[in-house]
Every structure is written in C-alpha cells, then in structure tokens.
Amino acid sequence: MASKRRVTTTVLSPDHLIRLPATNSNPKRPGSAAHARFALLRDRMTVAEALTTQSRADLRWNIRRGFITLEKPTAPQAP
C-alpha cells in the first residue's frame, strides 16, 4: 500500500522577516544560478523585498530544506 505524503503549504506573508542561519554559508552549489540568487538574501529582509530577486518557489524550497526560516515582525513600540 502506498503511503500518503502530507503536503503543507508555506504562507509567504509580505511582512514576514527572513532569517538566515548563524553560519551564514550559502548551501547552494557554487557557480549555479541558485547560488547566485541565495547570495542576494539578507538576514531580516522581508518576504516582499526577497520576492524582487527570488521566486515564491525558491523561498518555499529554502524554507522546507531549512536553509532559511520566517519570523513574524514585532509590533513597533510606542514612544
């Protein structure tokens, strides 16, 4: 009997922040187009900013593989 694979969808909210691992190393094969695109990501960049250089599929792939994580933005504090 074939097993059913659960597919989850990552919601890419434009205001979520992208977090890169502390090692800050590029996990993509050097010289590849994916390596060049991943190099454009910066820690604490918003999803909206990242989508100017990445596709949604790239971001979802990197999230699923643990290369990046998403963080909800914190509410601004009142003065």
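Higher on the page you've got the structure.
Residue indices begin from 1 for each chain and proceed along its sequence in written order. Owing to the predicted nature of the model, reporting of local features is limited to residues with pLDDT of at least 70; listing and counting of side-chain atom pairs is limited to 80 or more, with chain, interface and lining totals taken over all residues. Water and hydrogen atoms were dropped before computing side-chain values, which therefore reflect all heavy atoms in the structure.

J.: For this particular structure, what's the right way to read the side chain of Asn-62?
T.: Elements are defined by DSSP. Helices are runs of H or I of four residues or more, strands are runs of E of two residues or more, and each kind is numbered from the N terminus. Looking at where Asn-62 falls in the secondary structure, it is placed in helix H3 (residues 56-64). Summary of the burial criterion: residues with accessible area below 20% of their type's maximum are buried, those above 50% are exposed, and those between are partly exposed, where the area comes from a 1.4 Å probe applied to protein chains only. Overall, Asn-62 belongs to the buried group, its relative accessible area being 2%. Not counting chain neighbours up to four residues away, the residues in contact with Asn-62 comprise Lys-28, Phe-38, Leu-41, Phe-67 and Ile-68. Throughout, a residue-residue contact means that at least one pair of heavy atoms, one from each residue, lies within 4.5 Å.

J.: Before we go on, may I ask you to explain the sheet that holds strand S2 (residues 45-46) in this structure?
T.: For sheets, the rule is that strands pair by backbone hydrogen bonds, running either parallel or antiparallel. One open sheet holds the 3 strands; their spatial order is S2-S1-S3, and the pairing between them is antiparallel. In the strand order of this sheet, the two ends are held by S2 and strand S3 (69-71), each with one partner. Relative to S3, strand S1 (residues 17-19) is paired through 3 bridges, and the arrangement is antiparallel. Residue pairing across strands places Arg-19 opposite Thr-69, the latter belonging to S3. A pair of strands is treated as paired once DSSP finds two or more bridges between them.

J.: Explain the pattern of salt bridges here, please?
T.: Between side chains of opposite charge, pairing is possible as soon as their charged atoms come close. Criterion for a salt bridge: a side-chain nitrogen of Lys or Arg within 4 Å of a carboxyl oxygen of Asp or Glu. The tally for this structure, following the rule as stated, stands at 4 salt bridges. Ionic pairing is found between Asp-43 and Arg-19, a salt bridge with its closest N-O pair at 2.9 Å. Linking Asp-43 in the loop between helix H1 (33-39) and S2 with Arg-19 in strand S1, this pair joins segments that are 24 residues apart in sequence. The class for Arg-19 is partly exposed, based on a relative accessible area of 26%. A salt bridge links Asp-58 to Arg-37; its shortest N-O distance comes to 2.6 Å.

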